[in-house]
Amino acid sequence: MNFFSFSRAASVADALRDAGAGAKFVAGGTTLVDLMKLDVETPAVVIDINRLPLAEVGPAPEGGLRIGALARNSDVAHHPAVVRDYPVLAEALLSGASAQLRNMATTGGNLVQRTRCVYFRDTASACNKRVPGSGCAAIGGYNRNLAIVGTSEHCIASHPSDQNVALTALEATVQITGARGDRSVPIGEFYLLPGDTPERETVLEPGEMITSVTLPPPAPGARSTYLKLRDRASYEFALASAAVVATVTNGTLERVRIAMGGIGTKPWRNRDAELALEGKRVSAERFAAAAQIILSGVKPQPGNAFKVELGKRCLVHALKLVTAEA
Ligand SMILES: Cc1cc2nc3c(=O)[nH]c(=O)nc-3n(C[C@H](O)[C@H](O)[C@H](O)COP(=O)(O)OP(=O)(O)OC[C@H]3O[C@@H](n4cnc5c(N)ncnc54)[C@H](O)[C@@H]3O)c2cc1C
Ligand code: SF4
């Protein structure tokens, strides 16, 4: 049994004072509590941050939308500004988990939820992410749901979130606070590739807290969508997903942002694929070419090689959906 101390923070300063190496914040608890029960996460200190004033969703001072770290996934998905200006985020959130889970899960907790690799959650298995240097049972093992891009010889775990794929296509920024002050990190720089340190997943330092996420103002005329392909129609993680934000004028793609989920070790964005579409006429052939750019040269395992074709089809279909009536 892992013994830990528990405190309920009354302010951000309070929470930061108790935080540090070996400490974990608990928000909705839908990831952390599961992993503690499995002995995968064994924090010495657990700090409940639910009483902090970080649940607001509203205009960001510099324009766009600011989403507090404690805003629940369901509240964000149904917020009028999100539905109106960032439908890709509403769709991504509503495609995730179940209604009950979305009522608990928070924006900040979702950003740092852990992989669903079965070996990561099983303390009897070798897993470099859980126990650095112990090996990777997924390479050559069961890896149907794992990544085909961004992998390393040490870890092929897929990033599980839907929210974060949409946030990547929206070019969100993550606000962080900690003992050394505040900082803002573009979401494209927030996640780390596994390399030879798969236990490090983000740029968060021990004891740092996410306070909010900001979305830039929506590009004029932009349309967006999130398409998620999975084994079951609900309550299931993505095998492949695509978030697309595009502006189309008279049949020409002016501005395109694409992020993919299910296929990568982090929410996957490839600027070359977007550039291959920008300034071009809408066409199925161009969509296929963009998908090819993202999924060429990838290194699948036998158990997840189907994701190469699935990922291409997912993106092509999402691009067709978002440009359909433009
Ligand atoms: C059965 C099931 C199905 C699911 N299906 C999906 C799905 O289809 N798609 C999907 O995207 N997700 C899915 N999820 C995951 C779910 O979305 C996450 O568990 C949830 O978003 C985590 O948020 P939380 O607030 O509960 O986090 P917690 O469990 O409270 O915390 C998770 C992690 O984040 C850290 N943390 C929390 N808040 C902060 C903060 N402000 N700053 C720094 N660190 C913080 C915690 O210390 C912990 O390490 C599923 C989960 C379950 C249990
Ligand atoms: S893929 Fe990563 S998380 Fe899964 S067993 Fe290998 S090291 Fe662990």
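Residues numbered from 1 in each chain as written. Chains lettered and ligands numbered in written order. Predicted model: local features only at pLDDT ≥ 70, side-chain atom pairs only at ≥ 80, totals over all residues.

Things to note about the environment of Val 256
The criterion, for reference: Put simply, DSSP marks the helices as runs of H or I at least four residues long and the strands as runs of E at least two long, and each gets a number from the N terminus on. We call two residues in contact when the distance between their C-beta atoms, placed using the backbone, is within 7 Å.
With respect to the helices and strands, the residue Val 256 is situated in strand β11 (residues 252-261). The contacts of Val 256, once residues within four sequence positions are left out, are Ala 246, Glu 274, Leu 277 and Glu 278.

So, the site of ligand 2
The condition is simple: For each residue, a C-beta position is placed from the backbone atoms; the residue is near a molecule or strand when that point lies within 6 Å of it. Residue type decides the class: Asp, Glu, Lys and Arg count as charged, Ala, Val, Leu, Ile, Met, Phe, Trp, Tyr, Cys and Pro as nonpolar, and the leftover types, Gly among them, as polar.
Near ligand 2 lie 15 residues; those nearest to it are Cys 117, Tyr 119, Cys 127, Cys 136 and Cys 155. Taken together, the residues of the shell around ligand 2 break down into 12 nonpolar, 2 polar and 1 charged.

Some points on helix α12 (residues 306-323)
The line we're drawing: For a helix, the expected span equals 1.5 Å multiplied by the residue count minus one. Partly exposed residues are those falling between the two cut-offs: more than 12 but fewer than 20 other C-beta atoms within 10 Å of their own, whereas 20 or more means buried and 12 or fewer means exposed, with C-beta atoms placed from the backbone.
With 18 residues, α12 extends 26 Å from end C-alpha to end C-alpha; this agrees with the ideal 26 Å at 1.5 Å per step. Taken residue by residue, α12 has Lys 307, Gly 311, Lys 312, Cys 314, Leu 315, Val 316, Ala 318, Leu 319, Val 322 and Thr 323 as its buried positions. The secondary structure elements touched by the buried residues of α12 are β9 (223-229), β10 (240-249), β11 and α11 (284-295).

Brief notes about the domain arrangement of the protein chain
How we decide: Source of the domain bounds: an automatic or database domain assignment.
Looking at the assigned domains, one finds that the protein chain contains domain 1 (5-48) and domain 2 (223-323). On a C-alpha basis, the centroid separation for the pair domain 1 and domain 2 is 36 Å.

Regarding the sheet that holds strand β7 (residues 181-186)
Selection rule: DSSP bridges decide pairing: two strands pair if at least two such bridges lie between them. Throughout, an axis means a line fitted to C-alpha atoms (over the contacting stretch in the case of helices), and angles, computed between N-to-C directions, take values from 0 to 180 degrees.
Taking strand neighbours across the sheet as the criterion, the 5 strands line up as β4-β5-β8-β6-β7 in an open arrangement whose pairing is antiparallel. Where the open sheet ends on each side, the last strands, each with one partner, are β4 (57-59) and β7. Averaged over all pairs of adjacent strands, the angle between their axes in this sheet comes to 25°, without regard to strand direction. One ladder, built from 4 bridges, connects strand β5 (residues 65-68) with strand β8 (residues 209-215); its direction is antiparallel. Residue pairing for β8: Arg 66 is matched across the bridge by Thr 214.

Details of the site of ligand 1
Taken together, 29 residues are adjacent to ligand 1, and Gly 28, Gly 96, Gly 108, Gly 109 and Asn 110 come closest. Among the elements of the structure, β2 (23-26), α2 (32-37), α6 (99-104), α7 (107-111) and β8 are those that each provide at least two residues to the shell around ligand 1. Class assignment of the residues belonging to the shell around ligand 1 gives a composition of 14 nonpolar, 12 polar and 3 charged.

As for the sheet that holds β2
The 3 strands lie next to each other as β1-β3-β2, forming an open sheet whose pairing is parallel. Among the strands making up the open sheet, the edge pair consists of β1 (5-8) and β2. Shown here is a sheet whose adjacent strand axes are inclined to one another by a mean of 20°, direction ignored.

Things to note about unusual backbone geometry
One non-glycine residue, Ala 97, lies in the positive phi region at around 55°. In this structure, Glu 171 takes a positive phi of about 55° despite not being glycine. Positionally, Glu 171 belongs in the loop between α8 (163-169) and β6 (173-178). C-beta crowding within 10 Å serves as the criterion here: with 17 such atoms nearby, Glu 171 is assigned to the partly exposed category.

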